[in-house]
Each structure stands twice: as structure tokens, then as C-alpha cells.
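What follows is each chain in one-letter form.
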Amino acid sequence: MKEICKAIVWVKDFGNQEDIPYNPQKLFVMGHSAGGHLITCASLIEFHFKDIQLSPRDIKGIISISGVMDINSMSESPILRLIYTTQAFGCRADEWKIASPICFINKLIKDNVEFHENDHEQLPLAKGVQIPTKVKDIPPFLLLGAENDFKFLKRQLQSCYQAFVQAGIDVTCHEIPRCNHFSIIAAFGKNINQTEALCIRFIMDRC
């Protein structure tokens with residue numbers, strides 16, 4: 001996560017050079033699959049930004065395309081647990097929760113509070129380390145999923161969208177027809193499906 005935040009800092013610093021033709025104050029971050037998972041985690045947890053003088057507020061929007069949102073629930077499948085969950089996140093259930101964006105959102109909903117640095121003792125799944133971002137600081141989200149995506153990702157998309165709405169986060173969600181987990185991003189830039197158009201609209205509406 002910190003590497004992602006450092007990359008965002010680099011892009012912003014690079015954009016502050018006078019001869020660079022873009023505005024670093026209008027920075028959007030997009031990721032597909034595991035990339036969607038990583039940028040979502042980074043934007044939801046203030047702790048990752050603390051050491052590099054950055055805030056989630058420095059990001060204008062997050063675009064997650066077929067992103068993984070619930071590592072914990074994936075572990076319920078023996079196959080997914082074997083080939084994905086334990087390989088990437090270890091064998092401990094508490095680590096799976098820490099890596100699951102939806103667990104942080106559900107915690108915000110359950111407690112109906114905005115967390116501050118001195119509240120981290122109240123979040124046992126974070127072990128006093130990972131501090132959720134306050135709701136008002138979370139960037140707007142665009143969640144995109146594929147009509148023919150893996151079933152577990154389709155379930156995660158809907159549950160995550162509902163949780164975001166319930167938590168009061170600015171979120172838009174679309175399912176892209178006639179594509180799967182791979183073609184939803186492979187077609188980006190080729191004007192084949194709606195993915196690119198929805199991303200552009202999301203960005204333009206917030207600039």
C-alpha cells in the first residue's frame with residue numbers, strides 16, 4: 001500500500017513541474033482486479049499516507065474495475081483459499097480481514113462513527129495499526145464489474161456498493177454487459193464496451 005501512495009506522490013510532484021501539461025490537483029487512480037483491490041485499500045486507510053505527507057483527499061477519484069473487495073469471504077472457497085487467499089495473504093483469518101476493504105466499510109457502518117487516530121484501539125481487525133480514513137475524506141468511487149465476471153466478484157461488487165452507499169461514501173456502480181473479467185479491461189481504449197466511456201464521464205463530472 002505504501003508503494004502505491006509513494007507512486008501517487010511521485011506523479012503529483014512530477015505534475016508540479018512547469019513544463020508538464022496536466023494538473024496534479026486533478027489526480028484519479030484506476031486499477032483492475034488486484035489493482036482495484038489495492039487502490040481501494042489505500043484510499044480507505046489513512047495510515048498508509050501518514051509518513052509521506054499525503055492524504056486520500058489528494059485523490060479526486062478512485063476507479064475500481066472488477067476489483068477484489070472481500071478477501072475474507074474468498075477464503076470460504078477451498079479452491080480460492082488454496083490458489084489465491086493463502087498464497088497472497090497468508091493463512092490467518094485476521095490478515096484476510098485486514099486486507100478486505102469491505103470489512104473497514106462495514107466497521108464504519110456498524111459503529112456509525114468517524115475514526116480518528118486515537119480510536120484505533122476500537123478496531124480489533126486492524127491491530128492498532130491500520131486506521132480507517134474518515135468518511136468525509138474518502139474520494140468518490142466508480143465501481144465497474146463485468147456481466148460475465150467470476151460469480152464471487154459479482155457478489156462482492158454488489159455488497160461493496162451497498163456498503164459504500166450505507167456508509168455515505170460517494171459511489172457510482174455499473175455492470176458492463178457482454179464482457180468478462182479480462183475483456184472488461186482489454187477493451188479499454190478500443191471503444192468496444194462502455195468501460196472507457198464511464199471512466200471518462202466519472203472523471204469529467206468531478207473536474
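Before reading on, note that the structure itself is shown above.
Please read all numbers here as calculations on a predicted model, not as lab measurements.

Parameters at a glance
- Residues numbered from 1 in each chain as written.
- Predicted model: local features only at pLDDT ≥ 70, side-chain atom pairs only at ≥ 80, totals over all residues.
- Heavy atoms only, no water.
- Core = buried A, V, L, I, M, F, W, Y, C linked by side-chain atoms within 4.5 Å.
- Buried < 20%, exposed > 50% of the residue type's maximum accessible area, 1.4 Å probe, protein only.
- Helix = DSSP H or I, 4+ residues; strand = E, 2+ residues; numbered from the N terminus.
- Contact = heavy atoms within 4.5 Å.
- Phe/Tyr/Trp six-rings, centres within 6.5 Å; stacked < 30°, edge-to-face > 60°.
- Pairing = 2+ DSSP bridges.
- Axes fitted to C-alpha atoms, helices over the stretch in contact; angles between N-to-C directions.

Visitor: Help me get a handle on the nonpolar core, residues and values and all.
Guide: Grouped together as the largest cluster of nonpolar side chains are 29 residues, with contacts concentrated most on Ile 8, Ile 105, Phe 141, Phe 164 and Ile 169. When residues of this core are traced back to their parent elements, those giving at least two are helix 1 (2-15), helix 2 (34-44), helix 7 (101-111), strand 3 (141-146) and helix 8 (151-167). Residue contributions to this core peak at five residues, all from helix 8. For Ile 169, the residues in contact, after removing those within four places along its chain, are Ile 105, Val 135, Ile 138, Pro 139, Phe 141 and Phe 164. Ile 63, Ile 176, Ile 184 and Cys 199 belong to the second largest nonpolar core, which has 12 residues in total.

Visitor: Can you tell me about the packing of aromatic side chains, naming the residues and giving the values?
Guide: Under the counting rule described, the total for this entry stands at four aromatic pairs. Pairing Phe 141 with Phe 164 gives two aromatic rings, centres 4.9 Å apart and planes at 85 degrees, and the pair type is edge-to-face. Of this pair, Phe 141 sits in strand 3 while Phe 164 sits in helix 8, placing them 23 residues apart in sequence. Ring centres of Phe 150 and Phe 152 lie 6.0 Å apart, and the angle between their planes is 15 degrees; this geometry places the pair in the stacked category. Looking at Phe 150, the relative accessible area reads 39%, which means it is partly exposed. Note on Phe 152: relative accessible area 18%, which makes it buried. Of the aromatic side chains, those joined through ring pairs into one cluster are Phe 150, Phe 152 and Phe 182.

Visitor: How would you summarise the sheet that holds strand 3 if you had to cite specific residues and measurements?
Guide: With parallel pairing, four strands are arranged side by side in an open sheet as 1-2-3-4. Lying at the two open borders of the sheet, with one neighbouring strand each, are strand 1 (28-32) and strand 4 (171-176). Averaged over neighbouring strand pairs, the angle between their axes works out to 15 degrees when direction is ignored. Packing of helix 2 onto the sheet brings it into contact with strand 1, strand 2 (61-65) and strand 3, and relative to strand 1 it is tilted by some 140 degrees.

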